[in-house]
Amino acid sequence: MNSILSSLRWRYATKKFDSSKKVSAEDLANIKEAINLTPSSYGLQPFKVLQIDNPELRAKIQPAAWGQTQIVDASHLFVFAHLTDIGEKEVAAYMQNKADRSGFDVSALKGYQDFIVGKIGEMSDARKSEWNARQAYLAVSTALTAAADLNIDACPMEGFELEQLNEILGLKEKGLSAAVIVALGYRSEEDETQNAPKIRKAEKDLFEIL
Ligand SMILES: Cc1cc2nc3c(=O)[nH]c(=O)nc-3n(C[C@H](O)[C@H](O)[C@H](O)COP(=O)(O)O)c2cc1C
């Protein structure tokens, strides 16, 4: 616990990355595994994580992300994109995966499958999309914590024009919509933000004991 707290105290939303420093393949793989291990409602993981390695694509994204320099300077860039819809297909895919991993026939899961499909079916289209986005946000949080644990800097970013980013990445055609960008890398010594105090609510204002 001490190590996770010191990592969380150490991390900050990095404004200026040192573009000469790269995250190692091993650290990147660990962060990706942590993202994949994030829990999600019913385990459906209704999102994708796009790793934007192409520098030209990153240069294209930058103006859509309010010109923020992290987009092009960070070692790695992830776009967490949620499914805009969810239903039978995604639940069936999950059940097949679960059956395969557990070594039993998928027919044994029919009751559970129907229950989930029914529950999701009660949601409006807008609610489904928003519910999917919530699952993506949890994974973003894991990414930030995992990065901090490895002394890797990160910046979560919602500062972008959604329609433009979706267009650049062709997300609509894939049934996806961008939720959060996460830039990963190493802070620049010139980034003044690293010296700023942590601004958080007083504990008594955040927690209520009933
Ligand atoms: C979902 C989300 C979106 C954010 N978007 C941006 C962003 O576009 N640009 C930026 O510089 N910081 C962004 N931030 C960083 C927050 O401003 C920052 O996390 C918050 O002020 C707390 O500071 P700390 O993370 O440095 O402790 C975002 C944070 C979150 C969680």
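Going by the structure above, here's the rest.
These notes cover the structure that comes with them. (Residues numbered from 1 in each chain as written. Predicted model: local features only at pLDDT ≥ 70, side-chain atom pairs only at ≥ 80, totals over all residues. Heavy atoms only, no water.)

Here's the deal with the overall build of the chain
Of regular secondary structure, the chain possesses nine helices and four strands. Seen in sequence order, the chain has helices and strands lined up from the N terminus as α-α-β-α-α-β-α-α-α-β-α-β-α. Seen through its principal axes, the chain has C-alpha atoms that stretch 60 × 45 × 35 Å. Looking at the chain as a whole, 40% of its 210 residues are labelled buried. Of the contacts made within the chain by residues no fewer than 6 positions apart, 80% connect residues no fewer than 24 positions apart. Only carbon and sulfur atoms are counted for the fraction: they give 52% of the accessible area of the chain, which is about 12300 Å². Considering the chain, the positive charge centre built from 25 side chains and the negative charge centre built from 30 side chains are found 2 Å apart. (Helix = DSSP H or I, 4+ residues; strand = E, 2+ residues; numbered from the N terminus. Buried < 20%, exposed > 50% of the residue type's maximum accessible area, 1.4 Å probe, protein only. Contact = heavy atoms within 4.5 Å. Areas by Shrake-Rupley, 256 points an atom, 1.4 Å probe, with all protein chains shown as cover. Lys, Arg positive; Asp, Glu negative; His and termini not counted. Charge placed at Lys NZ, Arg CZ, Asp CG, Glu CD.)

With respect to the packing of aromatic side chains
Under the defined criterion, the tally for this structure stands at two aromatic pairs. A centroid spacing of 6.4 Å and a plane angle of 90° characterise the contact between Phe78 and Phe80, whose relative ring orientation is edge-to-face. For Phe80, a relative accessible area of 0% gives the class buried. (Phe/Tyr/Trp six-rings, centres within 6.5 Å; stacked < 30°, edge-to-face > 60°.)

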